[in-house]
Amino acid sequence: GSLALRVLGVDLFLALAGVLAEVKLRLSPRPASPSGVGGEAAAATVARSAAELRETLRLVLDVHGFQLFFCPFFNGDPHPGNILMLPDGRVGLIDFGQCRQLDRSDREGLARLLVALSEPDHTPGVDARIAEAFTAAGVRSKNSDERFLALMPRLMFCRLRPELLDRTMLREVFSSDKVE
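Let me sum up the structure you'll find in this document. (Residues numbered from 1 in each chain as written. Predicted model: local features only at pLDDT ≥ 70, side-chain atom pairs only at ≥ 80, totals over all residues. Heavy atoms only, no water.)

1. Focus: the packing of helix H6 (residues 146-157) against helix H7 (residues 167-176)
Relative orientation and spacing of two packed helices are given, respectively, by the angle between their axes and the distance between those axes.
Phase 1 of the analysis: Contact pair H6 / H7: the axes reach a minimum separation of 9 Å and the direction vectors enclose 120°. As far as their axial angle goes, H7 and H6 are oblique. Crossing handedness for the pair H6 and H7: left-handed. Contacts between H6 and H7 involve Arg147, Phe148, Leu151, Met152 and Leu155 from the first element and Met169, Leu170, Glu172, Val173 and Phe174 from the second.
Phase 2 of the analysis: Considered class by class, the residues forming the contact of H6 with H7 number 8 nonpolar, no polar and 2 charged. (Axes fitted to C-alpha atoms, helices over the stretch in contact; angles between N-to-C directions. Helix = DSSP H or I, 4+ residues; strand = E, 2+ residues; numbered from the N terminus. Parallel < 35°, antiparallel > 145°, perpendicular 65-115°, else oblique. Left-handed = near helix turned anticlockwise from the far one by under 90°. Contact = heavy atoms within 4.5 Å. Nonpolar A, V, L, I, M, F, W, Y, C, P; charged D, E, K, R; others polar.)

And the structure:
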């Protein structure tokens, strides 16, 4: 209501309302897709299935992000074995036995890390901002090497790109530091 609008601000309130509407829509039962089709129809079904899988993945990520930033507790064990695809097309999340809490400063630190990670790699000072946010989130390394502390969260939270998996670079960075 109006209290939420005042606390969150208009932009965040509208974004949150959009996410909640999307979650409700996607968790609604859907008719089963046809089976036993061949040729072009089969290719269309596979393409639709891939698109639906991407949509489902986005939904699960949105739900977990919502839990992290807006709920008092979040599921600390979100792996594929705890995600069910129900026969009617809805997504089921199970096993909330590893729930955890983040206080406001932890949430803000995680948000700063995610914002820093969203900056293009070529942005001046981005490695320093990522390393600082990662350290502020509680990660400690033996030598506090900036390249190491910027690479680790990229490998953990970002889309993997070939330049992040270069063996020579990885060997060099990982030989310079380690998590304590």
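2. So, a nonpolar patch on the surface
Phase 1 of the analysis: A cluster of nonpolar side chains, Leu114, Met156 and Phe157, forms an exposed patch at the surface whose accessible area comes to about 280 Å².
Phase 2 of the analysis: Residue placement: Met156 occurs in helix H6. (Patch = residues over 30% accessible without salt bridge, like charges linked within 9 Å, V, L, I, M, F, W, Y side chains within 5 Å. Areas by Shrake-Rupley, 256 points an atom, 1.4 Å probe, with all protein chains shown as cover. Salt bridge = Lys/Arg side-chain N within 4 Å of Asp/Glu carboxyl O.)

3. Details of the nonpolar core
Phase 1 of the analysis: Leu113, Ile130 and Leu151 are the most contacted members of the largest nonpolar core, which has 17 residues in total.
Phase 2 of the analysis: Elements represented by at least two residues in this core include exactly helix H4 (104-118), helix H5 (126-136), H6 and H7. (Core = buried A, V, L, I, M, F, W, Y, C linked by side-chain atoms within 4.5 Å. Buried < 20%, exposed > 50% of the residue type's maximum accessible area, 1.4 Å probe, protein only.)

4. A short note on unusual backbone geometry
Phase 1 of the analysis: A positive phi angle is found at Asp95, which is not glycine, with a value near 60°.
Phase 2 of the analysis: Note that Asp95 resides in the loop between strand E3 (91-93) and strand E4 (99-100).
Phase 3 of the analysis: Owing to a relative accessible area of 41%, Asp95 belongs among the partly exposed residues under this scheme.
Phase 4 of the analysis: In this model, Ser144 sits at a positive phi of 55°, which is unusual for a non-glycine residue.
Phase 5 of the analysis: Mapped onto the elements of the fold, Ser144 is located in the loop between H5 and H6.

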